[in-house]
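# A look at the structure
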Amino acid sequence: MQKSFGKKCFWLVSLLAAGNFWMMWLSPAVAWGPHPEITQAALDVLPEMEKWKQVLGDHNIRQLTQYCWMPDNRGRDLGPFYADDYLLIRKVPYHIGHTMPTVQLAFEPYFRRALQALRTETPTNACRQLGPIIHFVEDVGAPPHAKVNCPHHGELENWVNAKAIKIEGYRPQLLGKTDDEACQGLKRRIDGLVVFSAERAERALPLVSAPNPDRSKVEPIILESALEAARVTADMLYTAFKLGLEWQAPAEAAGLKGAVTAPTLPANEDQEAQVVLAETDYATLVESSKESDQHQWRGNFSFRNLPAGEYTVVVYRVGAQPATTKVKLEPGKTAQVEIQLQSAEPAGNLVYNPDGQLRLLGNQTPDRWTHQGKTYTSAPITLKRRMTYVCGAVRKDPQAKIFFHMPGVQRGGQPTPPPIRKELPADSGQMELASDPDHMTIIVQVQSTKPLTEAIEKVWVCAVPGKAAPEETKPEKTKKSAKQPVLQK
Ligand SMILES: [Zn+2]
């Protein structure tokens, strides 16, 4: 199951890499197809919707039909935020599988994290933080996710008429009156959904594995699962809104507001900053302010209903150095902080956590890096079209090997272009790579037997101002030219 997700993920990575636009969401052909329709069906029957809209905003609630894709976009830059800003939390500091049985690890932590966001963060952040729990609840209702090691994964989650997903007349249930009760209630509801959808997988499997499968016979079975997934999603959302938004904060709760400035980052200017209250589960994003200009990025963040006490506030935005400040929150009061982020060195570095020093998730591995064997892999960096990038590193371990890997952009039905993979020569600190329509992402890989922070001092990928990549040509020609090495000296 991990394997099938890995493949899926690679496809997503490539597709998302095709640009750097606001909200680059996708409807993958090989994922439980109707996520937005299931979310919409759930929203359509939600009791007290006017009330939730007033608190959260109509726009944020509508965006839930996009945020529900978030876990299928792991690692990706989704415009103003990275999917991992909401996917990686201290209770789940790594990416988890989306099928039974591993997906069971997702429900309680992401449900509780969403409640926390509804109580303490801005409506925008709270709705984004609902993305993971919505996705995992919906996913486990897909027959091949409910049945362990299910063959014919693609057919069993895509042979469904998404337009038919409507549950009008369904009355969502409150899954519990307290957080603990709601977690238990959600678990029971999920257990029921898994049995329901695994049974649909058993019924549909002989049909999809027949020599000439008749899709029209399979669709009604998969639809039953989609409808039940929508009912469970409606229960979960109703419970989250009731418990999250009607929660009475203790009178001694405190607030924190902050204004953040950072150097501009023209190659990824829409990116927001992350704020973490160190050693706690409290984290949010600094939303971009209209006062940002070409000299400085500005943003604001806020928390409410926090326990009073002393906190260490850490703010990080890609392209800048992390900043830390201490703050004391007095009961019943809101503290204000101003934080100025200094430029990363070199300026404009697009690698998230380029020196591996940021470890706010309480993980062994530095934040936003993955580690397998002796290879550390960075989060993917989305490139602008036709830009040249200078890619480099300062090694601490002279034996460390550093690669800049550009996966090919896959387009439906066409063969994936081969990746571009360049090793940083041992005697050189940096080299140039250019984006082309077939290669719109860079991933940095560091191979060393030492921990990342002992293997490198830092790595970087920076856009070269004013240096566009060679002119794009017609698609046929582009294909040919993409096979040429794009390394430029
Ligand atoms: Zn999924």
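Okay, so let's go over this structure.

Conventions used here
Residues numbered from 1 in each chain as written. Predicted model: local features only at pLDDT ≥ 70, side-chain atom pairs only at ≥ 80, totals over all residues. Heavy atoms only, no water. Donors = N, O, S within 2.8 Å, 3.2 Å for Na, K, Ca; no water. Tetrahedral: all angles 85-135°; square planar, octahedral: opposite > 155°, others 65-115°. Helix = DSSP H or I, 4+ residues; strand = E, 2+ residues; numbered from the N terminus. Buried < 20%, exposed > 50% of the residue type's maximum accessible area, 1.4 Å probe, protein only. 1 Å grid on protein atoms, 1.4 Å probe; cavity = no way out; pocket = protein on both sides within 12 Å on 5 of 7 lines; lining within 4 Å. Points joined across faces, edges and corners; volume = space filled by probe spheres on them. Nonpolar A, V, L, I, M, F, W, Y, C, P; charged D, E, K, R; others polar. Phe/Tyr/Trp six-rings, centres within 6.5 Å; stacked < 30°, edge-to-face > 60°. Lys NZ or Arg CZ within 6 Å of the ring centre and 35° of its normal.

## Some details on the coordination of the zinc ion
Protein coordination at the zinc ion comes from Asp72 (OD), His98 (ND1), His135 (NE2) and Asp139 (OD), with a distance range of 2.0 to 2.7 Å. Here the zinc ion is ringed by four donor atoms whose angles at the metal span 86 to 174 degrees, and the overall shape comes out irregular. Along the chain, the residues that donate to the zinc ion are spaced as D-x25-H-x36-H-x3-D. On the criterion of sequence distance, the pair formed by Asp72 in the loop between α5 (64–67) and α6 (83–87) and His135 in helix α8 (residues 123–140) is long-range, its members being 63 residues apart. For Asp72, a relative accessible area of 2% translates into the label buried. His135 gets classed as buried once you look at its relative accessible area, which sits at 0%.

## Some thoughts on empty space enclosed by the protein
Evaluation of the coordinates by the stated rule reveals five cavities of 30 Å³ or more. Contributing to the lining of the largest cavity are Asp77, Tyr82, Asn268, Leu350, Val351, Tyr352, Ala379, Pro380, Ile381 and Thr382. Considering only residue class, the lining of the largest cavity consists of seven nonpolar, two polar and one charged.

## Here's the deal with unusual backbone geometry
Between Met100 and the following residue, Pro101, the backbone shows a cis peptide bond with an omega angle of 5 degrees. Relative to the helices and strands, Pro101 is located in the loop between α6 and α7 (107–120). Going from Glu345 to Pro346, the amide bond is cis rather than trans, its omega being 0 degrees. Take Pro346: it is sitting in the loop between β7 (334–340) and β8 (370–372).

## Observations concerning the packing of aromatic side chains
Taken as a whole and assessed by the stated rule, the structure comprises seven aromatic pairs. Ring centres 5.7 Å apart and planes at 45 degrees place the aromatic pair Trp52 and Phe241 in the tilted group. In this pair, Trp52 is assigned in helix α3 (residues 49–56) and Phe241 in helix α12 (residues 215–245), connecting sequence segments 189 residues apart. No difference in accessibility class separates Trp52 from Phe241, as the two residues are buried. An angle of 90 degrees between the planes, with centres 5.4 Å apart, marks the rings of Tyr82 and Tyr352 as edge-to-face. Of this pair, Tyr82 sits in the loop between α5 and α6 while Tyr352 sits in the loop between β7 and β8; the two residues are 270 residues apart in sequence, bridging distant segments of the chain. The exposure classification of Tyr82 matches that of Tyr352, with both residues buried. By way of ring pairs, the aromatic residues Tyr67, Phe81 and Tyr86 are connected into one cluster. Over the ring of Phe196 we find Arg200, and its NZ or CZ is 3.6 Å from the ring centre. Between the NZ or CZ atom of Arg421 and the centre of the ring of Phe403, over which it lies, the distance is 4.2 Å.

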